[in-house]
Structures are given as structure tokens and as C-alpha cells.
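# Coordinates in review
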Amino acid sequence: MCDGGDWQMAVVQIPLRFTPVGSNRHSMTAQTVQQGDLVTVIGLEVHVQLETDTKIFCRCSTEQTDDPNENVCPVCLGLPGALPVLNEGAVEAAVKIGKAIDAEIPEETRFHRKNYYYPDLPKNFQITQYDEPICQEGELEISVEGERRDVRIERAHLEEDPGSLQHVGGSIDTADYTLVDYNRAGTPLMEIVTAPDFRSASEVRAFLAELEEVLEYLGVFDAGRDGSLRIDANLSIIEGEEADENGEIGIDALEAANRTEVKNISSHKGAEKALAYEETRQKNAIKRGRVVEQETRHWDESRGITVSMRSKEEEKDYRYFEEADLPPLRVSHWKDEISIPELPTARRERFRSEYDLNEEAASKLTSTKQVADFYETIADEFDPDLAATWVADNLLGELNYRDMEITDIEDRLEEVTRLVELVAEDEITAKNARETVLRDMLDDEQDPDSIVEEAGLGKTDDDEVQSAVVEAIEENPDAVEDYESGDDGAINFLVGQVMQKTGGSADPGDVNQLLRAELEK
Amino acid sequence: MSDDAVTPEDVRHVASLARVDLEDDEIEQFTGQFADILEYFETLDEVPAVDQDAELTNVMEPDEVRDSLDSESALENAPETEDGYFKGPNVS
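### A look at the interface of chain A and chain B
- The partner chain B presents 32 residues to the 51 residues of chain A that form the contact.
- Of the roughly 3,500 Å² buried where chain A meets chain B, counting both sides, 56% is carbon and sulfur surface.
- Broken down residue by residue, the surface that chain A buries against chain B is led by A:R59, A:Y117 and A:L179, which jointly contribute 16%.
- Applying the counting rule to chain A against chain B returns 1 salt bridge.
- With its nearest N and O atoms 2.5 Å apart, the salt bridge here joins A:R59 to B:E61.
- Our count for the chain A to chain B interface comes out at 20 residue pairs in polar contact (both at pLDDT 80 or more).
- Broken down by secondary-structure element, the contributors of at least two residues to the side of chain A that touches chain B are β2 (86–87), α1 (88–100), β7 (164–168) and β8 (177–181) of chain A.
- Examining the composition of the side of chain A that touches chain B, we find that 5 residues originate from one element, β8(A), more than from any other.
- A per-class count over the side of chain A that touches chain B returns 25 nonpolar, 11 polar and 15 charged.
- For β2(A) and strand β1 (residues 60–61) of chain B, the ladder comprises 2 bridges, and the chain directions are parallel. Bridge assignment links A:N87 to a residue of β1(B), and that residue is B:E61.

Below, the structure written as C-alpha cells:
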């Protein structure tokens, strides 16, 4: 059985290059390249499933189901005579992405047919976009080891996802037969194509993480959905002497170098591993004086290697031609009409200045839109620092420990707010709130007030604390003597005694103050 | 395109794209037929230009789910099925 990743069928897809050669935009990495260096150059084609309710060319649901061929109709089964009708929601999502990556949405954009025969495509062609994609020439800012860089995005286009295959009774080559499920066929995809701007596998990982964050902020993508992100990567190794005096690598050197296209990558971590492997493989070949073949390679996640795939087709074999069943789109003005939320990078910056957060806290608190929104609610109602501790450290920490996300407790955020209120109003100690109430809330689904009441965590009355302070002093003359003779550490022993007497519900800081005041008398 | 003679190599290539196995004598037969077919298409060059339809743009539907086929109807025309899947020969 296959892993269901058959969309990357055994074909060579020569990346489309519509960016004008000699474009005056800078390559993102100007680094010093020495003679004899081998420079790694990587470009990506990232396929993301768009979160719409229906498919891109029919109104079948995109929801994942347990049974095969449940969400199918004549259009996505490719039955004769069926006609595609474009999903407005998918186009809106594409425009949002275009806005977020600061891309141009051309006046007119249209669809093409890409022809190839494989049973994941019931029509024997995929409806995609060719030379008039919906987004052109964008960029995405990433941060690698604290350094900011723009990655150029050459294009991003809409297309339909193929169906999924299972190879039964063996591997892809040796299977007895194939089972086909068209539930996924027609799910809207956005293919995002970057310029060859990456110089290492870790840069690729940083980009993918940022891209996912942006797409999730836009509400057009669900990273948790199986197979929602799939990556093809082109990697080549250029000899250092090919670089110009600025350490940049020109288009000629890139075109001249043999590259491999690595397919079947489905996560950031997978991308980093696959590309690190492929980089080493090519460098080793070059060091041994061998030629790196231009080919398509398949990332075998379980073995941690890339393997050569038989190459069958090149671009002209796809016989791209206009999809006459879909009229052209003229949606450039949607860019002004559709609004997008503040994006992660901008929000991080604002959090740092507005709430005076450090970089780590700001980055944690903007990791998803839900976390950021929740932080702002708490920060505005109580105090930004208290909110940062509670959301970034306590809440995310406890959620992470339970392998949960903030979205898992979406309907209980008011209870968390109430808990922070109890702390802010000094009703319970921060320690009890964190170590008892929050944990019980997550483990037993109880609300904070009943936990506080049941466990008797409400802060002890001042009178009670005061009498515990007096008692502690009376009962421990030795410690009092030590304190009075200048041993300030002795106060800690007395604090401990008071805490014991009050069952831990007093605030240690307050107790410390009360003890000192009492001893001064 | 039609000026170039169709070669047996062209036929082999097209057959491989279409995942069709052809014997040598079939290759020969189809090489001739391909040339004929291309010639028929040249007839289209003689068709006078016609007025284009009024240009449609932005034909879209809202993102609202409608009923799909039930899976029995979906599989009805399939020569072979298994557990709700379409079943076919091994493909690599």
C-alpha cells in the first residue's frame, strides 16, 4: 500500500519559469562565496489545500470522510458532458494569499488543461493555471537565525487536487492492483512557486513554517489536515567560482547546473531532512568527480533517502491548452475589496512595541491567530505582563504538555480568562492558579471557581494570616533570634512555617512583609 | 507541424504518454494513420473565422455544499470495484 501520496506521479515536471530573466529584484542571499565552495541552491513548489467547504469545480463537500467515493459527482469523476463551475470561495482564498505575499493579481487570469494519463485524474487532464496564474511576483519575509530575508515568490496558481490511489499487494511497482478514491479529487489547491532563493535546508524549513502561519492567519489553510501541505523541491549545487563578486548566483549558472526535483515531501521536518540528504548526495557525487543527473527523485520518508524515479514526461508532453469550459477571471479589483487580518510578522512587531514583550514571548504569542487574539483580550483586560506569563508560559505550556492546541479549548477560553482574573484580583496565589487550578481545568474540565472552592484555594483572610504570623514568631524563638542578629535567611524559615499553617493559601511575598513588620514591632 | 512527416518514433512517444503498448506492425500502421489524421485537421484551416461569443468572465458559484452522488451510483459504471473503491490494474 502506498502512503496516499500519489499526486507526485512519476513524471518530470520542469518548473515553469515565467519570471523575466534579469529581473531587477535581488536574490535574497548575498553571501560571500569562496573559490572551491559548493553552493546549494533550492527552489520550492508548495501545494497547499485551501480550506473551502466545496471543491474547486463542483459543489461536492471537501470534508474528509471514512468511506471512499462519498463526496463525488459527475464533475469530479470526469463523467462525459459534466461541466466545471469555479468556486468563488477558492478564488477569494487565492486573492487573500496574493495580498498576503504582496503579489500582483493580474487583470485577467485563466485556466488550462494539463494532460497526463494516470488514474488519479479521472478526466485524463488536470485543470490548472499555466501562463496566466492568479498571483505573480510576490514575496514572503522570513527570519533565519535572527536575520530577516525576503523570499521571492514567482507565482501562485489555483488547481485541482487529484484523487488518491492505493497500491494493493505490494509497492507501487509490484502491486497486484490499484484502488481509486476520488473524494480528494477536485479539492482546491494553491501551488506556490518560489524563486531559487534558498541556500540551505534549514532556510526552507523556516520558510515553510512562516508560510503555514500566514496561511492559517488568513483562515485559508488547516495545517492539521492530513496531506494539506505537499512540497516539491528543486535542488542544485553550484561551484563557488560561478558566483559573482557579490556572492550571488546568476541565472546562467543556475540554468547550466543539473538539478534534481525531490517529490513526496509532506512536512517542514520532512523538507529539511529530504533536502539535507539530497544536498549531501549531490555534493558527494561532485567531490568524487561524478555528474549529478538531472532527474526526479522520490523522498522515501521511512528510509530517510531520496530515490530516482523513472522520468516519463517533460513539459511539452503535458500539452497545456486553454480550458474552454471555464471563462477567464477578472478579479484584480478583489484585492481592494477583500480584507485580510494583520499577519504574523506585523503582529509580532506590534506586540513587541505595544506590550513591551521580548522577541521570544512575542513570537510565541503570535504563533497562531487564536493565541494572539486570546493574548490581546487578556492583555487589554488585565495587564500585558501578567497576560504574557499566563498565555505564553502557563497556558501554552500546559497545553503542549497534553499535546493539545488552543483550538481544542476554544469554547473554554472564558474560563481561562476567569482564572487570570482570580490571580489579577489576588483571590488565589499564582502558584495555586498555575499548578492546581489550570491543570485541573484541563484534566477534569471543571471551571476555575468550583476548583478553587472545592480545593479551598481561596486566599486566606488577612486576620488568619496575621495570627499565623504571630504564632510562628512565638513558636520559633531561635529563628527570631537569628533574624535579629542579622541572619536575613532566617526569615525564609518563618515564611515556611506560616505557609504550613495556612495550608499554602497565603501569598509568600505578603507573609514575608507581614513577618518583617511584626518583628520590627 | 503538419509539414513534418510523422515518424514511428513520434507514434511510440505518443503511445507511451497514453500508456498504450503497441506492437511493431501497429506502430507502422498508426504512423500512416497519424499523418492522415493531421491532414484531416488541416481542413479546419479553410473554415472562415466566426464571431466570438460575447466574452464571459467571472462565472462562479458560492462555496455552498450540494448533494453528491450516492456511492452506488458513483460506482455504477465501473467495470470493477472493491469496498467502495474503483478497482484497476497496477499502475506505476
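Still more to cover.
### A few points about the pattern of salt bridges
Residue and element names in this part refer to chain A.
- The final tally for this structure, using the stated rule, is 52 salt bridges over all chains.
- Among the ionic pairs, R352 bridges to E359, the shortest N-O distance being 3.5 Å.
- Exposure remark for E359: the relative accessible area of 49% places this residue in the partly exposed category.
- Where K431 meets E435, a salt bridge forms, and the shortest distance between an N and an O atom there is 3.5 Å. Here the residue K431 and the residue E435 both occupy positions in helix α11 (residues 430–444), the gap between them amounting to 4 residues, near one helical turn.
- Beyond isolated ion pairs, a larger network of salt bridges with shared partners links E342, R347, R350, E354, K369, D373 and E376.

### Points about a negative patch on the surface
- Taken together, the side chains of A:E216, A:D222, A:D403, A:E405, A:D408, A:E410, A:D411, A:D444 and A:E445 define an acidic patch exposed on the protein surface.
- Among the secondary structure elements, A:E410 is positioned in the loop between α9 (384–401) and α10 (413–424).

### Points about the packing of helix α1 (residues 8–17) of chain B against helix α2 (residues 24–42) of chain B
All names here are of chain B.
- In contact at an axis separation of 9 Å, α1 and α2 are set at 105° when each is read in the N-to-C sense. By the criterion of interaxial angle, the relationship of α1 to α2 is roughly perpendicular. Touching P8, V11, R12 and V14 of α1 are D24, I27, F30, T31 and F34, all from α2.
- In terms of residue class, the contact of α1 with α2 is made up of 6 nonpolar, 1 polar and 2 charged.

### Notes on the domain arrangement of chain A
- For chain A, the domain assignment lists domain 1 (46–227 + 311–337), domain 2 (344–455) and domain 3 (462–520).
- Its C-alpha centre places domain 2 of chain A at a distance of 32 Å from the equivalent point of domain 3 of chain A.

### Structural notes on the side chain of A:R402
All names here are of chain A.
- Mapped onto the elements of the fold, R402 is located in the loop between α9 and α10.
- Polar contacts involving the side chain of R402 include one to the side chain of E398, which spans 2.8 Å.
- Here D443 takes part through its side chain, which lies 2.6 Å from a polar atom of the side chain of R402.

### Brief notes about the nonpolar core
All names here are of chain A.
- Core analysis: the largest hydrophobic core is formed by 121 residues, its most contacted members being I134, M190 and F207.
- Of the residues forming this core, the biggest block, 9 residues, is contributed by helix α2 (residues 201–218).
- Per-domain counts for this core show at least three residues from each of domain 1 (46–227 + 311–337) and domain 2 (344–455).
- With 18 residues, the next largest nonpolar core counts V469, L494, V495 and L519 among its residues.

### Describing a nonpolar patch on the surface
Residue and element names in this part refer to chain B.
- On the surface, a nonpolar cluster with roughly 560 Å² of combined accessible area is contributed by I37, Y40, F41, L44 and V47.
- Within the secondary structure, F41 is located in helix α2.
- A residue is classified by how much of its surface remains accessible, and F41, at 54% relative accessible area, is exposed.

### Let's talk about the packing of aromatic side chains
Residue and element names in this part refer to chain A.
- A full pass over the atoms with the stated rule returns 9 aromatic pairs over all chains.
- Judged by centre distance (5.2 Å) and plane angle (65°), the ring pair of F198 and F207 falls under edge-to-face. F207 carries the same exposure label as F198, and that label is buried.
- Considering the side-chain rings of Y318 and Y320, the 6.1 Å spacing of their centres and the 70° angle between planes classify their relative orientation as edge-to-face. A single burial state applies to Y318 and to Y320, both of which are buried.
- Site record: aromatic cluster; members linked through ring pairs are Y116, Y130, Y318 and Y320.
- One Lys or Arg, K114, reaches over the ring of Y318 and ends 4.5 Å from the middle of that ring.

How each quantity is defined
- Residues numbered from 1 in each chain as written.
- Chains lettered and ligands numbered in written order.
- Predicted model: local features only at pLDDT ≥ 70, side-chain atom pairs only at ≥ 80, totals over all residues.
- Heavy atoms only, no water.
- Contact = heavy atoms within 4.5 Å.
- Buried area = accessible area lost by both parts, 1.4 Å probe.
- Salt bridge = Lys/Arg side-chain N within 4 Å of Asp/Glu carboxyl O.
- Polar contact = N/O pair within 3.5 Å; in protein donor to acceptor, adjacent residues only side chain to side chain.
- Helix = DSSP H or I, 4+ residues; strand = E, 2+ residues; numbered from the N terminus.
- Nonpolar A, V, L, I, M, F, W, Y, C, P; charged D, E, K, R; others polar.
- Pairing = 2+ DSSP bridges.
- Buried < 20%, exposed > 50% of the residue type's maximum accessible area, 1.4 Å probe, protein only.
- Patch = residues over 30% accessible without salt bridge, like charges linked within 9 Å, V, L, I, M, F, W, Y side chains within 5 Å.
- Areas by Shrake-Rupley, 256 points an atom, 1.4 Å probe, with all protein chains shown as cover.
- Lys, Arg positive; Asp, Glu negative; His and termini not counted.
- Charge placed at Lys NZ, Arg CZ, Asp CG, Glu CD.
- Axes fitted to C-alpha atoms, helices over the stretch in contact; angles between N-to-C directions.
- Parallel < 35°, antiparallel > 145°, perpendicular 65-115°, else oblique.
- Domains from an automatic or database assignment.
- Core = buried A, V, L, I, M, F, W, Y, C linked by side-chain atoms within 4.5 Å.
- Phe/Tyr/Trp six-rings, centres within 6.5 Å; stacked < 30°, edge-to-face > 60°.
- Lys NZ or Arg CZ within 6 Å of the ring centre and 35° of its normal.

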